[in-house]
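# An overview of the molecular structure
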Amino acid sequence: MKRAQVLAVVFGVAVVIVAIVALSSGTPTPGLIDNGDLSRLQEEGARIVDVRTAAEFTGAHIEGAENVPLSDLAAVADGWDRTAPVVVYCAVGDRSDSAAGMLQSMGFERVYDLGGGIAQWDGALAGGAAAATDAGVAPQVALSGLPILYEFYTDW
Amino acid sequence: MAPVVDRLKTEYEGVVEFRLINVETDAEGAQIANDFGVQYVPSFVLLGGDGAQRDLLVGEMTEEQLRAALDALK
């Protein structure tokens, strides 16, 4: 076997070993993550950042998360350790996508973005609405006789 | 207010009452959201004429999705 072929084989084996080690360690690759990845990162002690507004955060948030609205993120994150893992999430994934890009551009090495946001989170919640109203039982509201559509929104 | 909701509000005038709540700036907005168990914005809560909650939709909705939910209230 020629020297070049031997080197190629050695390189290939090394790549496989690195991949196996990375996979077996359970550490997700930075980028979009799912609920299982977030649980693993929580165990690792990652910083979990809710980039929604304070009102949304108060309503309900992922247990252990801190609230840094997207508009404040650049200023607040400037003092954080850029080598530590940071997970961002929002309601459905739009604001966290912007937040992840912002943190990456600031030099953060391990930025994770919870795909689909808190809307699809199936783990523990904290906050006022964590004990939600029973499904199908509406609170007392003024009725006009017409069906009603409530839209709850924020300007962001 | 999103253009989709604006359009549908006009279209369903007299058929479905639209109540648009900014949870940050409207008085008691956050409290009303909490009463309905709304945890995320945008969310849409649909009530029948008797006040019974029929549906809770979470996230941005297409016009077709909202229209289907509104038509189900008739």
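Scroll up a little and you will see the structure.
The structure contained in this document is the topic of the report that follows. (Residues numbered from 1 in each chain as written. Chains lettered and ligands numbered in written order. Predicted model: local features only at pLDDT ≥ 70, side-chain atom pairs only at ≥ 80, totals over all residues. Heavy atoms only, no water.)

We now examine the nonpolar core. By size, the foremost hydrophobic cluster in this structure holds 16 residues, and its most contacted members are Ile33(A), Leu38(A), Ile48(A), Ile62(A), Val87(A) and Tyr89(A). When residues of this core are traced back to their parent elements, those giving at least two are helix H2 (35-44), strand S5 (86-89) and strand S6 (111-114) of chain A. Ignoring sequence-local partners within four residues, the contact set of Ile62(A) consists of Leu38(A), Gln42(A), Tyr89(A), Leu114(A), Ile118(A), Trp121(A), Ala124(A) and Leu125(A). Counting 15 residues, the second largest nonpolar core, distinct from the first, contains Val4(B), Leu46(B), Leu57(B) and Leu73(B). (Core = buried A, V, L, I, M, F, W, Y, C linked by side-chain atoms within 4.5 Å. Buried < 20%, exposed > 50% of the residue type's maximum accessible area, 1.4 Å probe, protein only. Helix = DSSP H or I, 4+ residues; strand = E, 2+ residues; numbered from the N terminus. Contact = heavy atoms within 4.5 Å.)

Within the structure shown, the criterion is met by 4 aromatic pairs over all chains. Pairing Trp80(A) with Phe108(A) gives two aromatic rings, centres 6.4 Å apart and planes at 80°, and the pair type is edge-to-face. Taken as a pair, Trp80(A) in the loop between helix H4 (70-77) and S5 and Phe108(A) in the loop between helix H5 (94-105) and S6 lie far apart in primary sequence, 28 residues in all. Ring centres of Tyr150(A) and Phe36(B) lie 4.9 Å apart, and the angle between their planes is 50°; this geometry places the pair in the tilted category. Here the residue Tyr150(A) occupies a position in strand S8 (residues 148-153), and Phe36(B) occupies one in the loop between helix H2 (29-35) and strand S2 (43-47), the pair thus bridging two chains. As far as the burial class goes, Tyr150(A) and Phe36(B) line up, both buried. The residue whose ring lies beneath Arg47(A) is Trp80(A), and the NZ or CZ to ring-centre distance is 4.1 Å. (Phe/Tyr/Trp six-rings, centres within 6.5 Å; stacked < 30°, edge-to-face > 60°. Lys NZ or Arg CZ within 6 Å of the ring centre and 35° of its normal.)

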